[in-house]
Amino acid sequence: MPKKDILFLNACVRGEASRTLDLANRFLAQIPNAEITCLPLEKLGLLPLDRARLHERDHLLHEGKTDAPFFVHANTFRRAQWIVIAAPYWDLSFPSLLKLYFENVCCSGVTFAYDEAGCPVSLCRAERLIYITTAGGYIGENNYGYTYVRAVMEQFFGVKKSCLISAEGLDIVGNDPKAILAAAASQFSAALG
Ligand SMILES: Cc1cc2nc3c(=O)[nH]c(=O)nc-3n(C[C@H](O)[C@H](O)[C@H](O)COP(=O)(O)O)c2cc1C
């Protein structure tokens, strides 16, 4: 059986100290028959789409140069079957690094196109999103990070199955973060199934 192409987007700013990364690594170890490409977002030198870069992008698209280095992240993203994201819960969503990544890969003509009715059609292989997060408090109704990423993945990239794995209340005095993180593994099977 061919291996599943997994793209792991690591938006864990605290590096090895990150509990989100620890949870994600434990999840990744459970995926059978996987070819995992790890992208530490902090090390990619991602830039925002400012006026000059937007102009450059439009020019490359107009020339049909969708394999230009400018689109390297979009093209890697296009080939992945499962997208696994590890992002701590920051300011009710996620670190801006992850938004920068999406700004770099959401590109009409490379990762999706518009049909005649103006609806996005995926040009990616993505089947599944697994979004892994940890929070100091409780996320409750304020799940803006996952909700946003899920909408992008489903509406632009045609993802059919989205799963959230979260460990919450880690910074609340009196809670036992180690026990909460260990218990979060009970969510792995739903994401793998
Ligand atoms: C910049 C920043 C913003 C945060 N914002 C929130 C927040 O809005 N709500 C919350 O419950 N915890 C918040 N936290 C706490 C983190 O969600 C929590 O410590 C999380 O487990 C950090 O993940 P990590 O260990 O992977 O870095 C924030 C932490 C930082 C550093």
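Just so you know, these numbers come straight off a predicted model, no measurement behind them.

Let's talk about the sheet that holds strand E6 (residues 128-134)
Pairing within the open sheet is parallel, and its 5 strands lie in the order E2-E1-E3-E6-E7. Among the strands making up the open sheet, the edge pair consists of strand E2 (34-40) and strand E7 (161-167). Neighbour-to-neighbour, the strand axes of the sheet open up by a mean angle of 15°, direction not taken into account. As judged from the 7 bridges shared by E6 and E7, these two strands associate in the parallel manner. Its bridge partner being in E7, Thr 133 is matched across the sheet by Ser 166. Sheet strands touched by helix H1 (residues 19-28): strand E1 (4-10), E2, strand E3 (82-86), E6 and E7. Its angle to E6, the strand with the most contacts, is close to 140°. Here helix H5 (residues 144-155) sits on the sheet and contacts E3, E6 and E7; the angle it forms with E6, its principal contact strand, is near 165°.

A few points about the site of the ligand
The immediate surroundings of the ligand are formed by 15 residues, with Ser 18, Thr 20, Tyr 89, Thr 134 and Asp 171 found nearest. In the environment of the ligand, an oxygen atom lies 2.6 Å from a nitrogen or oxygen atom belonging to the side chain of Thr 20. Between an oxygen atom of the ligand and a side-chain N or O atom of Asp 171, the distance comes to 2.6 Å. Here the ligand, which alone exposes 640 Å², has 74% of that area covered by the protein.

Focus: the layout of surface pockets
The calculated volume of the largest pocket comes to roughly 160 Å³. Forming the boundary of the largest pocket are 13 residues, of which Arg 14, Arg 19, Pro 88, Trp 90 and Thr 134 lie nearest the centre. Partitioning the lining of the largest pocket into residue classes produces 6 nonpolar, 4 polar and 3 charged.

Re helix H2 (residues 51-62)
An ideal rise of 1.5 Å per residue puts 16 Å on 12 residues; H2 measures up with 16 Å between its terminal C-alpha atoms. When H2 is considered as a whole, its buried residues turn out to be Arg 53, Arg 57 and Leu 60. Buried residues of H2, seen end-on, are gathered within an arc of 65° and therefore sit on one face of the element. Set apart from the buried face of H2 by more than 90 degrees, the exposed residues are Arg 51, Ala 52, His 55 and His 62. Where H2 is buried, its residues touch helix H4 (96-105).

Cut-offs and rules
Residues numbered from 1 in each chain as written. Predicted model: local features only at pLDDT ≥ 70, side-chain atom pairs only at ≥ 80, totals over all residues. Heavy atoms only, no water. Pairing = 2+ DSSP bridges. Helix = DSSP H or I, 4+ residues; strand = E, 2+ residues; numbered from the N terminus. Axes fitted to C-alpha atoms, helices over the stretch in contact; angles between N-to-C directions. Contact = heavy atoms within 4.5 Å. Near = heavy atom within 4 Å. Polar contact = N/O pair within 3.5 Å; in protein donor to acceptor, adjacent residues only side chain to side chain. Areas by Shrake-Rupley, 256 points an atom, 1.4 Å probe, with all protein chains shown as cover. 1 Å grid on protein atoms, 1.4 Å probe; cavity = no way out; pocket = protein on both sides within 12 Å on 5 of 7 lines; lining within 4 Å. Points joined across faces, edges and corners; volume = space filled by probe spheres on them. Nonpolar A, V, L, I, M, F, W, Y, C, P; charged D, E, K, R; others polar. Expected span 1.5 Å × (residues − 1). Buried < 20%, exposed > 50% of the residue type's maximum accessible area, 1.4 Å probe, protein only. Arc of directions from axis to C-beta.

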